[in-house]
Amino acid sequence: MKTSNPVLARLGQAAERERSAGYAPAGPYGQPGIPQQYPSQAGYPAAPPTVAPMTVDDVVVKTVALLGILGITAAAAWVLVPDALVSTAWIGALAVTLVLGLIISFSRMANPALVIAYAVVEGVLVGMISKAFESAYDGIVLQAAVASFGIFFVMTMLYKAKFIRATPVFVKGMTAVITGLFAVMLINLVLALFGINTGLRDGSPLAIGFSLVCIVVASLSFVLSFKEIEDGVRMGLPQRYSWVAAFGILVSLVWLYIEILRLLSYFQGDD
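In the annotation of an unreviewed UniProt entry, the protein is listed under the name Bax inhibitor-1/YccA family protein and assigned to Micromonospora arborensis.

Looking at the overall build of the protein
When you go through the protein residue by residue, the secondary structure sums to 8 helices and 0 strands. Mapped in sequence order, the helices and strands of the protein form the string α-α-α-α-α-α-α-α. Looking at the protein as shown, the accessible area adds up to about 14500 Å², and 71% of this sits on carbon and sulfur atoms.

Points about helix H4 (residues 112-136)
Structurally, the α-helix is built with 3.6 residues per turn, so residues lying three or four positions apart point the same way. With 25 residues, H4 extends 36 Å from end C-alpha to end C-alpha; this agrees with the ideal 36 Å at 1.5 Å per step. For H4, the side-chain oxygen to backbone nitrogen distance between the N-cap and Ala113 is 3.1 Å, and the N-cap itself is Asn111.

Some words on helix H2 (residues 56-80)
Its 25 residues give H2 an end-to-end C-alpha distance of 36 Å, which sits within 8% of 36 Å, the value for a rise of 1.5 Å per residue. Looking at H2, one finds that the buried residues are Asp58, Val59, Lys62, Thr63, Leu66, Leu70, Thr73, Ala74 and Ala77.

Considering the packing of helix H3 (residues 86-106) against H4
Interhelical geometry of H3 versus H4 gives an angle of 150 degrees and a closest axis separation of 8 Å. Taken together, the axes of H3 and H4 are roughly antiparallel relative to one another. For the crossing formed where H3 meets H4, the hand is left-handed. Along its contact with H3, which presents Val86, Ala89, Trp90, Ala93, Leu94, Val96, Thr97, Leu100, Gly101, Ile103 and Ile104, the element H4 presents Leu114, Val115, Ala117, Tyr118, Val121, Glu122, Val124, Leu125, Met128, Lys131 and Ala132. Of the residues assigned to the contact of H3 with H4, the class counts are 18 nonpolar, 2 polar and 2 charged.

Some thoughts on the packing of helix H6 (residues 168-193) against helix H7 (residues 205-234)
Axis angle and axis distance: for two packed helices, these are the angle between their axes and the distance between the axes, and together they describe the pair. Packing of H6 against H7 leaves a shortest axis separation of 10 Å and a crossing angle of 135 degrees. In terms of orientation, H6 lies oblique with respect to H7. In this structure, the crossing between H6 and H7 has a hand that is left-handed. For the pair formed by H6 and H7, the contact residues are Phe170, Val171, Met174, Val177, Ile178, Leu181, Val184 and Met185 on the first element and Phe210, Val213, Cys214, Val217, Leu220, Ser221, Val223 and Leu224 on the second.

Digging into the UniProt feature "transmembrane region" (unreviewed entry) in the protein
UniProt's entry tags residues 59-81, 87-106, 113-133, 139-159, 171-194, 206-229 and 241-258 with the feature "transmembrane region" (unreviewed entry), counted in the numbering of this structure. Within residues 113-133, the helical portion is 100% and the strand portion 0%, while the C-alpha atoms at the span's ends are 30 Å from each other.

Structural notes on the nonpolar core
Core analysis: the largest hydrophobic core is formed by 62 residues, its most contacted members being Leu66, Phe222, Val223, Ile249, Leu250, Tyr257 and Leu261. When residues of this core are traced back to their parent elements, those giving at least two are H2, H3, H4, helix H5 (140-160), H6, H7 and helix H8 (242-269). Looking at this core, the element that brings in the most residues is H8, giving 16 residues. Apart from the residues lying within four places of it in its own chain, the contact partners of Leu250 are Leu66, Leu67, Leu70, Tyr118 and Ala119.

Criteria and cut-off values
- Residues numbered from 1 in each chain as written.
- Predicted model: local features only at pLDDT ≥ 70, side-chain atom pairs only at ≥ 80, totals over all residues.
- Heavy atoms only, no water.
- Helix = DSSP H or I, 4+ residues; strand = E, 2+ residues; numbered from the N terminus.
- Areas by Shrake-Rupley, 256 points an atom, 1.4 Å probe, with all protein chains shown as cover.
- Expected span 1.5 Å × (residues − 1).
- Polar contact = N/O pair within 3.5 Å; in protein donor to acceptor, adjacent residues only side chain to side chain.
- Buried < 20%, exposed > 50% of the residue type's maximum accessible area, 1.4 Å probe, protein only.
- Axes fitted to C-alpha atoms, helices over the stretch in contact; angles between N-to-C directions.
- Parallel < 35°, antiparallel > 145°, perpendicular 65-115°, else oblique.
- Left-handed = near helix turned anticlockwise from the far one by under 90°.
- Contact = heavy atoms within 4.5 Å.
- Nonpolar A, V, L, I, M, F, W, Y, C, P; charged D, E, K, R; others polar.
- UniProt positions renumbered as here; feature names shortened; annotations may be inferred.
- Core = buried A, V, L, I, M, F, W, Y, C linked by side-chain atoms within 4.5 Å.

In structure tokens:
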């Protein structure tokens, strides 16, 4: 099964090497493959390989686990970090998540420890941002959380019903748009640290439009994650890569949540 995703292509090559060492790819519905038999050595039967292929259920379990870790860490940070240190904490957490996110995204190997560490630090970031917004706009955190999970489930149903498909053109276009938005947000953040206002985050019509674009793109990014999960299962990637797939969903959910927080704050600020 070929894929247009270069990362998955590399991972598929690694999976092929593992299969040649003795483990079968997943079946058509994600069920584990049957290990191949190996000749015995010195009269003793050789133990079959223990590497199992990734399944959709693996991704679901890992995603729930990461969300649980993020939620617990966010709640702890909200309670334990003093108000005077909120800004410092979220800036530090943002820097660490950027570094860990890039390492996980461009690494050729799945590292569950790194993904879990990312969820922990991301939890601190979400907790600090949520605390700041909630202190200014009562009830906004719950509204944003409900909206985020609602959009996620809607996108899941649309993808499952095949109303939205990740065609090669869609994947390339989304990758370009996400990269561009990430660059714009990073530049805007750096400029903001030096007191320069670009108008993208000040509640103006431009800021509202930018947040709406980010919300749409973050919502559509779930389609990329679902496609990667499908391809990973069909290519028989090892089970540990379910952590990487869960990481992708987590990143999109947090991005969507923060953008909805911002958008809601713009409208509440006008009241």
